[in-house]
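A look at the structure
The chain contents come next:
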Amino acid sequence: MLGIHTHMHTTVLVAFFEISHTVVSMCSAGVLLFLVALWAAKTDIAQARGLDKIVAFSNLCFAAPLAVFGALHLAAAEGLATMVPSYMPWRLFWAYFFGFALLAASLSIATKIQVRWSGLLFGIAMFLFVAMLDIPGSLATPRDRFGWTLTLREMTFGGGGWVLAGNTMREQGRGQRGNKLITVGRVIIGITAIFYGIENFLHTANVPGVPLAKLMPAWIPAHLLIGCLTGAILVVAGVCILLDKKTRMAATYLGAWIVLLVLFIYGPILIAALANPSTDIKVEGINYFFDTLLFAGAILALASATPRTD
């Protein structure tokens, strides 16, 4: 029995330490940007009260995933280059270029330096991806709910970038332009939240939040309760955000709930994935964790950009 127990521990340790360079790159980039963003936000976090402390983490929640995905693009550029449309030349170049661009944007947003440009350009890039890849794919298979889920997810990421840029412009005295960017982001986030809320109601067996194909692990309890509660919060908050009624409160509560899902649902899923010997499963676990964290970051960015008197 002792030998079997020791062998099991050895197998788990091997799974953790024999990791591909892609997984190491993604995790390292995420941890480093987390520490940088935490240091940059320490004053805001200390001064915030109540749920505003979670809002103070908006840049961190947005920047860390960009670093992770930037590292993925650099470590697995050849594989990702196949996703570049065939009519574009230098497909490998664009995979590397976007990887470096994501890392630069993540550092800018984490440190709050030149966010006006990093948020704006990141948003433009995401909207271009939606126009060139997501919408054509969704129109080709209109009954595939996952295609529309991904389309709205990428649009929300781009909208979150514009909210960050717009908030910075407003602080710099360019309120009119900044408000337009924030409005675009708010409308996209509101529509996405409503759609995702309905999907969470209809598919409670899947992971909550961003309603993708992955099923909730059997060892996580209360699937129905988590799915329905997440759906209700998304729909109610989405309606408030779309109609611009109590936007800050709605975005704060929704963002806080998504962060809780990241910590207590996607966190254990990530740990289980990293313990698996398959690199593909490790990368999938990292992607689910940071995709959902980026979704939370976009929502919290909207809360941060909305005046407290709304």
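A brief look at the structure comes next. Given the structure is predicted, the values throughout are model-derived calculations rather than measurements. (Residues numbered from 1 in each chain as written. Predicted model: local features only at pLDDT ≥ 70, side-chain atom pairs only at ≥ 80, totals over all residues. Heavy atoms only, no water.)

The next subject is the layout of surface pockets. Over the atoms a probe the size of a water molecule is rolled, and this reveals where empty space is left. Of the pockets and cavities examined, the largest pocket occupies roughly 1,200 Å³. Along its surface, the largest pocket is lined by 39 residues, and His 73, Met 83, Phe 98, Phe 129 and Glu 154 are the ones closest to its centre. Every element with two or more residues in the lining of the largest pocket is listed here: α5 (58–75), α7 (91–111), α8 (115–140), α9 (145–171) and α13 (279–305). No other element matches α8, which puts eleven residues into the lining of the largest pocket. (1 Å grid on protein atoms, 1.4 Å probe; cavity = no way out; pocket = protein on both sides within 12 Å on 5 of 7 lines; lining within 4 Å. Points joined across faces, edges and corners; volume = space filled by probe spheres on them. Helix = DSSP H or I, 4+ residues; strand = E, 2+ residues; numbered from the N terminus.)

Proteins that are soluble and globular tend to have nonpolar side chains buried together. Phe 62, Leu 66, Leu 254, Ile 265, Ile 286, Phe 290 and Phe 295 are the most contacted members of the largest nonpolar core, which totals 72 residues. A per-element tally of this core places α13 first, with 16 residues. Ignoring sequence-local partners within four residues, the contact set of Ile 286 consists of Val 23, Met 26, Cys 27, Val 68, Leu 270 and Leu 274. In terms of nonpolar packing, the next biggest core, distinct from the first, is built from seven residues, Leu 120, Trp 162, Met 169 and Leu 181 among them. (Core = buried A, V, L, I, M, F, W, Y, C linked by side-chain atoms within 4.5 Å. Buried < 20%, exposed > 50% of the residue type's maximum accessible area, 1.4 Å probe, protein only. Contact = heavy atoms within 4.5 Å.)

Okay, α13 next. Between its terminal C-alpha atoms α13 stretches 38 Å, which fits the 39 Å expected from 27 residues at 1.5 Å a residue. Counting buried residues in α13 gives 21 out of 27 residues, a clear majority hidden from the surface. Where α13 begins, the capping side chain belongs to Ser 278, and its oxygen is found 3.4 Å from the backbone nitrogen of Asp 280. (Expected span 1.5 Å × (residues − 1). Polar contact = N/O pair within 3.5 Å; in protein donor to acceptor, adjacent residues only side chain to side chain.)

The next thing to look at is helix α2 (residues 21–40). Compared with an ideal rise of 1.5 Å per residue, which puts 20 residues at 28 Å, α2 spans 28 Å between its outermost C-alpha atoms and is within 8% of the ideal. Within the sequence span of α2, burial applies to Thr 22, Val 23, Met 26, Ala 29, Gly 30, Leu 33 and Ala 37. Viewed end-on, α2 has its buried residues packed into an arc of 135 degrees, placing them on one side of the element. Looking at α2, the residues exposed on the side facing more than 90 degrees away from the buried face are His 21, Val 31, Leu 32 and Trp 39. Buried residues in α2 make contact with α5, α7, α12 (247–274) and α13. (Arc of directions from axis to C-beta.)

Here we come to the pattern of salt bridges. With the rule as written, the count across this model stands at eight salt bridges. Linking Glu 199 and Arg 145 is a salt bridge whose minimum nitrogen-to-oxygen distance equals 3.0 Å. Of this pair, Glu 199 sits in helix α10 (residues 175–202) while Arg 145 sits in helix α9; the two residues are 54 residues apart in sequence, bridging distant segments of the chain. Exposure class is identical for Glu 199 and Arg 145. Each is buried. Here Glu 284 makes a salt bridge to Lys 214, at a shortest N to O gap of 3.4 Å. Note that Glu 284 is positioned in helix α13 and Lys 214 in the loop between α10 and α11 (223–243), a separation of 70 residues in sequence. We classify Glu 284 as partly exposed; its relative accessible area is 34%. (Salt bridge = Lys/Arg side-chain N within 4 Å of Asp/Glu carboxyl O.)

Attention shifts here to the side chain of Asp 134. Tracing the chain through its elements places Asp 134 in helix α8. It turns out Asp 134 is buried and unbridged, and the closest side chain with the opposite charge, Arg 153, is 7.0 Å from it. With sequence-adjacent residues up to four places away left out, Asp 134 is seen in contact with Phe 129, Leu 150, Thr 151 and Glu 154. (Lys, Arg positive; Asp, Glu negative; His and termini not counted.)

The next thing to look at is the environment of Gly 70. Structurally, the position occupied by Gly 70 is in helix α5. Sequence separation between Gly 70 and Tyr 196 is 126 residues; the distance between their C-alpha atoms is 26 Å. Setting aside anything within four residues of it in sequence, one finds Gly 70 in contact with Gly 99, Leu 102 and Leu 103.

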